[in-house]
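Spelled out from the first residue to the last, the chains are:
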Amino acid sequence: MRILSISALFPPNVQGGAEISAYNLAQWLSSNGNEVAVLTTAISPEDEVFGVDEGGLRVWRIFMPRAYTAFDASKTAAWKKPAWHLQDIFDPRNKSIFEKIVDEFRPDFVSVHYIQGLGFNILTSIGKRNLPAAVTFHDLSLACIKMSMFVDGKECEGLCTSCALSAKVKMSYVRGVKRIGFISPSKAVLDKMLSLQPISQYPRAHIPNARRYPAPQTSYHQSDTFRFVYVGRLTDAKGVNVLLEALEPLVPDYDFTLKMVGTGPEAETLRERYAGQSWISFTGHVPADEVPEIMADSDLLFVPSIWLENSPGVVIQALGLSLPVMGSDKGGIPELVQHNENGILVPPGDVAAWRSATKSLLDDPARLRVLRENAKRGAAEFDPDRLAGRIFSFFEKIRALP
């Protein structure tokens, strides 16, 4: 099969796990006898490539006609954003760029990951060409302009006027595609999308990302000091302030460290706030192949998100390394973490509950050892070859639709 993968973000330009998942799937499809092309965005005009072979994938990196690039969205002034989103939904150049690539590559199937940044109206071209397509819900962008239903430190109760209008247009584009289906890495996000958009009549599948993680060279060793770790963006949506507020009062009475791996909009503020405190350290950005080295010799991973996490790859990676997880009982996290088996589930945003849950483990080290022994038992469920095979079978199901 000739498969065109659409992802506005794609390695080596990485901001999160979804684009790595798109890359892993493309590589698996290619290595299993399919011809795979990728349409993604370029950081600058100088970075554009047109149908160039990159590791067996035929890649088009396009500098899209926008007020700013997808890479600059988080640091762009708010007044520029409405124009960007209008371009993303209506600009006819989105379709012409896509159609030139379709004419050259002639795909049998389109795998959509990140379409925001390349243009939702590409869907009309997919429909016009009667190409079968599968859309993977790495986020809520089919309904929400911000992709997250999370604004000003809290979840949105419903679609605002702008999102509601754009969602209606996006859904009209979906209806124009005769053969289309939806994949979600978590049931939680799939259910959320079903509540926001009328997609119940389309084929749907809950399949975790077929992501492959680097193996660590480091081995776990026992320590009298509890070694906690957080891996991810340093931002309010990830609940980092909730976590730190919960842990700080425990410092005088317990021997533990917390390593904060990652960067984000809260990074500088947090560094200044906790400067000189030996129990906490900030690594900044760490290359993906170094993250498992840190995780492998840690005792517990914290995932304190207060927004609707999809299927956090960091949780799957941790469990595969026998690293138990304390995570928010929200979104896709409880689909991966079984309370008191391979980890602990805590109400999101509840500082007192996070403090109490952490204290209970610090008071009972034997309990943490049991969680560690249980953590890896379900790892086979997330075997990337198995998951990619399920995704490909879903592609074939969509392709066979009349």
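Here's what I pulled together on the structure shown here.

Definitions and cut-offs
- Residue numbers restart at each chain and count upward from 1, following the sequence in its written direction.
- Totals for whole chains, interfaces and linings use all residues, but because this is a predicted model, local features are given only for residues with pLDDT of at least 70 and pairs of side-chain atoms are given and counted only at 80 or more.
- Computation of side-chain values: all heavy atoms of the structure, hydrogens and water removed.
- Secondary structure elements are defined from DSSP: runs of H or I of at least 4 residues count as helices, runs of E of at least 2 residues count as strands, and each element is numbered from the N terminus.
- Only heavy atoms matter for contacts: two residues are in contact if any of them lie within 4.5 Å across the pair.
- Where accessible areas are quoted, they stem from the Shrake-Rupley method and a 1.4 Å probe; at the residue level, only the protein chains shown are allowed to cover.
- Residues scored as charged are limited to Lys and Arg (positive) and Asp and Glu (negative), so that His and the chain ends carry no count.
- We put the charge of a Lys on NZ, of an Arg on CZ, of an Asp on CG and of a Glu on CD.
- When two rings of Phe, Tyr or Trp (its six-membered ring) have centres within 6.5 Å they constitute a pair, described as stacked for plane angles under 30 degrees, edge-to-face for angles over 60, and tilted for the intermediate range.
- Burial classes follow relative accessibility: with a 1.4 Å probe on protein chains only, a residue under 20% of its type's maximum area counts as buried, one over 50% as exposed, and anything between as partly exposed.
- Charge-over-ring contacts are defined here by two conditions on Lys NZ or Arg CZ: a distance within 6 Å of the ring centre and an angle within 35 degrees of the ring normal.
- If DSSP finds at least two bridges between two strands, the strands pair.
- Here the axes come from fitting lines to C-alpha atoms, over the contacting stretch only for helices, and the angles between their N-to-C directions go from 0 to 180 degrees.
- Here, a disulfide means two cysteine sulfur atoms that sit within 2.5 Å of each other.

1. Thoughts on the overall build of the protein chain
Step number 1: Check the secondary structure of the protein chain and you find 13 helices and 16 strands.
Step number 2: Based on the C-alpha atoms only, the size of the protein chain along its principal axes is roughly 65 × 45 × 40 Å.
Step number 3: Considering only intrachain contacts with a sequence separation of at least 6, the fraction spanning at least 24 residues in the protein chain is 70%.
Step number 4: Summing over all exposed atoms, the protein chain offers an accessible surface of approximately 17100 Å²; the carbon and sulfur share of this is 51%.
Step number 5: When the 43 positive and 45 negative side-chain charges of the protein chain are each reduced to one mean point, those points stand 8 Å apart.

2. Considerations on the packing of aromatic side chains
Step number 1: Under the definition given, this model contains 13 aromatic pairs.
Step number 2: Ring geometry for F10 versus Y23: centroids 5.7 Å apart, planes at 65°, classification edge-to-face. Of this pair, F10 sits in the loop between β1 (2–7) and α1 (17–31) while Y23 sits in helix α1; the two residues are 13 residues apart in sequence, bridging distant segments of the chain.
Step number 3: Between the aromatic rings of F226 and F228, the centroid separation amounts to 6.2 Å while the plane-to-plane angle is 40°, which identifies the pairing as tilted.
Step number 4: Take F228: its relative accessible area is 2%, and that puts it in the buried class.
Step number 5: One aromatic cluster in this structure is built from F226, F228, F256, Y274, W279, F302 and W354.
Step number 6: The ring of F105 has R2 lying over it, and the distance from NZ or CZ to the ring centre is 4.6 Å.
Step number 7: The ring of F120 carries the charged tip of K170 above its face, separated from the ring centre by 4.5 Å.

3. Thoughts on the sheet that holds strand β15 (residues 325–328)
What holds strands together in a sheet is hydrogen bonding between their backbones, with the strands either parallel or antiparallel.
Step number 1: The strand order across the open sheet formed by six strands is β13-β12-β11-β14-β15-β16, and the pairing between neighbours is parallel. Lying at the two open borders of the sheet, with one neighbouring strand each, are β13 (280–284) and β16 (343–346). Taking each pair of neighbouring strands and ignoring which way they run, the sheet shows an average axis angle of 20°.
Step number 2: Two strands pair when backbone bridges link them, and β15 and β16 are joined in this way by four bridges, in the parallel orientation.

4. So, the state of the cysteines
Step number 1: The final tally for this structure, using the stated rule, is zero disulfides.
Step number 2: C156 takes part in no disulfide bond, and the closest cysteine sulfur to it belongs to C144, at a distance of 5.8 Å.
Step number 3: Residue C156 is classed as partly exposed on the basis of its relative accessible area of 24%.

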